[in-house]
Amino acid sequence: MRKKIELLAPAGSLPILKAAVDSGADAVYIGADIFNARINADNFSMDDISEGCLYAHRRSSLVYLTLNTLVNDDELESALELASDAYNAGIDAILIQDKGLLELIHKTYPQIPLHASTQMNIYSRDDFSALKDMGVRRVVVPRELSVNEISDRARLAAREGIELEVFAHGAICVCYSGLCLFSSMNKSGSRSGNRGVCAQPCRQEYILRNGEKDELRTGHLLSPKDRSSADLIPELIKAGVASLKIEGRMRDSGYVSSAVRAYRTLIDAYYEGTYSKETVKNVKDALLVNFNRGGDFTSQYLTGKKQENFLSGEFVGKFGLRIGFVSSSDPKKGTIAVKTKEGSPIPVKGDYISIREKNTEVCSFPVGKVHEAPGSVTLKGLHPDMISKLNKNANVYLMSHDFSSGSAIRKTPVTISVDIENGKISANARVTSGIFSEVFAQTETVDLDLSYEGHAVEEDRIRSQFMKTGNTPFSVEEVYFTKDTSACCPISLLNDIRRELTDALVNEIDFTSSHMTGFPESSEEVKREILKTSEEIRSLYYFPAVRRIKGDLRRDADIYAFSIFDIMDRKMFMRITELISGNDVKACVVMPDAFHDRIFSSASNALQAFSEAVGEKFIAIIDSDVYSSSDIYERLKVKHFASFGSNIFNGKTLDYTLERCDGACISYEMAPEDTINMMSGRSGKGGTVLVHSGGPIPWMQSDFCPLGCHRNGCRECFDRDNVMLVSKDTGNECVLISRPADCSSSIWGDAKNLFDYNDSTVLSELGYDVIQCFTEV
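Quick caveat, the model's predicted, so the values are computed rather than measured.

Caption draft 1: Representation of the packing of helix H1 (residues 14–23) against helix H2 (residues 46–58) within the structure. Taken N-terminus to C-terminus, the directions of H1 and H2 make an angle of 10 degrees; their axes are 10 Å apart at the nearest point. Between H1 and H2, the interaxial angle falls into the category roughly parallel. Between H1 and H2, the residues in contact are Leu14, Leu17, Lys18, Val21 and Asp22 and Asp48, Glu51, Gly52, Tyr55 and Ala56, respectively.

Caption draft 2: Representation of the packing of helix H19 (residues 672–680) against helix H21 (residues 757–765) within the structure. Remark: H19 packs on H21, axes separated minimally by 10 Å, with the N-to-C direction vectors making an angle of 5 degrees. By the criterion of interaxial angle, the relationship of H19 to H21 is roughly parallel. Residues Pro672, Ile676 and Met679 of H19 touch H21, and the partners they reach there are Asp759, Val762 and Leu763. The residue inventory of the contact of H19 with H21, partitioned by class, reads five nonpolar, no polar and one charged.

Caption draft 3: Local environment of the sheet that holds strand S34 (residues 744–749). Within the open sheet, the six strands sit side by side as S9-S8-S32-S33-S34-S31. Their pairing is antiparallel. Whereas interior strands pair on both sides, the edge strands pair on one side only; in this sheet they are strand S9 (214–219) and strand S31 (697–702). Averaged over all neighbouring strand pairs, the angle between strand axes comes to 25 degrees, with direction disregarded. Sheet analysis places strand S8 (residues 206–210) next to strand S32 (residues 723–727), joined by five bridges and oriented antiparallel. In the sheet register, Asn210 faces S32, and the bridge partner there is Val723.

Caption draft 4: Spotlight on helix H9 (residues 253–272). Compared with the 28 Å implied by 1.5 Å per residue over 20 residues, the 28 Å span of H9 between its first and last C-alpha is a close match. Among the residues of H9, Tyr255, Val256, Ser257, Ser258, Ala259, Val260, Ala262, Tyr263, Arg264, Leu266, Ile267 and Ala269 are the ones counted as buried. By the N-cap criterion, in which a side-chain oxygen at the helix start approaches the backbone nitrogen of a residue two or three places on, H9 is capped by Asp252, the distance to Gly254 being 3.3 Å. The positive-phi residue at the C-terminal boundary of H9 is Gly273, with phi of around 80 degrees.

Rules and cut-offs
Residues numbered from 1 in each chain as written. Predicted model: local features only at pLDDT ≥ 70, side-chain atom pairs only at ≥ 80, totals over all residues. Heavy atoms only, no water. Axes fitted to C-alpha atoms, helices over the stretch in contact; angles between N-to-C directions. Helix = DSSP H or I, 4+ residues; strand = E, 2+ residues; numbered from the N terminus. Parallel < 35°, antiparallel > 145°, perpendicular 65-115°, else oblique. Contact = heavy atoms within 4.5 Å. Nonpolar A, V, L, I, M, F, W, Y, C, P; charged D, E, K, R; others polar. Pairing = 2+ DSSP bridges. Expected span 1.5 Å × (residues − 1). Buried < 20%, exposed > 50% of the residue type's maximum accessible area, 1.4 Å probe, protein only. Polar contact = N/O pair within 3.5 Å; in protein donor to acceptor, adjacent residues only side chain to side chain.

Structural data, given as structure tokens:
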């Protein structure tokens, strides 16, 4: 029988971890003060991690550590030490982005459970076997996958013993996870999302322009709504998802607690058979009041459809829940009458209200007195001077409300057995369900005082005393009696036995949940001889969108590279094959670093057709899927180059990549001097490396297109081929490339790190075949 789905909550500090557990989280994910993607959260010291693990485990919850940034060679040892220390402190699994670090941890401490972060961008269906070999037990799937795609991957992953984790709720990135360079290349270029310090440029304002003067639209063009999967809980559970994840390690305790209680309600309702439209509606109201952008949520791509209402709009910050409009006001009485929407929650004293006209807040206030009538509510709390300025029909939003009445605090369920016989008493306790099910503890046998002259304590009172677990982590489901059902003893003795029993059970859970890495495993490194294929430094010219290039495509290059989307386009295909066939050059095809299953078949057919058209001149496919077990490279007799989206940031990752691929692109975020140092440390290993030497790079790759905004039947990219995205803050211009095949897009901007010929010469002298890459958009 499939186990119950896990509810996974974020915590940016120890108090929030405790609040998340108390609110019903089955697991919590946290970050240390280094190497995590939310480095600006309060985060956890090692003492905090230890205390948090004890608190969670005693209440049948798990704790995962996020070690989900790229790390450089100088940081690998510290990251490995952090992983070991955290595991010894009680951490139950570690989320990793960096492939080199993942392999290093698994080889050194194979007992540590590892989860592949969404930052690893595990998009392909073919990756799970390789991930299993790397010690991965769970994959956090990309947010762009549909429920059907998730279900397909869940079946494939299960064959390898791997679970899937899905983001259920919270803020989303408009870019594919792990592929966003917007923050690291924008402005100062010092805040890398892959290093945990994203500046969120997607939340800023932009101008979309066609050519120099044709302004198409302006505003928050890249800022999506928050995600909610409240309507899709049954589908996600049936799809085989192991864990539903709430985003929000930068959020406060109130936000996390409210979100956890909401999804706890939905999950429990599903398993209890009470999941209904009314339940979902009530939960969504609570979530909307808790936090939303733009007045609603998006399911993003879970349904398999691209929603037109994806963006958050122009109201910045917490939006609240619209409950109605101002129908009348009386400054003298200090009252506002609100015509309420049917089914809207009614404000109570202490709630916060926002009154707005269009997208502008007129005023906000805490509610004082409330008078409810059918279809309306009268509120006090706003100053009479402001009431006199209110316009009729202004919208009223509920900004805070307590939806948690009656919510129980999470505790570990136990049963207790009391043994009274022959003037002796003892007790034992057993955990009945959860991650520590069947953990058992018992007390010493106590002799009853035969001279005790008080009344015997009967069964009901004994049961009542043992049910009183107070501030302990336990809730007692039942108290059983194995022999006698009464005892001649003071109540204080029963209380002492109960306290001894709960202390013993805490100790047993602490012991059961503890683990140590022990001594690191030592393994001899297998050195693979990689023969140089050329003594020359070759050049590669990449056109991400051929339709943007007017005139002759010929450039001074040894190799040309083209997007698979141009290979799939008949007109572009003819233009490309004419160039390659008519010149003494080679060709590569660049795959997107993430794409949906529905594109794969068309892409495979296009690659086959291209191979037949240009023959042996087709030398390589460039993509980020270094784990793939696909036979397409062998079938087409082409090489596999790991793309720039592979995030090669240290020597370990480069080693791993070159063991699986024929060449590797060095991360756009690596400076030439750092790259040379990294490769100097791999002396004698060699291999083919691709470095960026000129032209723009993809700052962002997205399943969203800001030109069409997911509109049905959109053909805007067919009519416009010179679209620019301009920052209203800095005036910086980027090129927008829209892809009509799947209505996705990429945004191209200036590169921060460029490898000149001297840099490439140094790499060549270190024993590498170097391909200098240039782009033109």
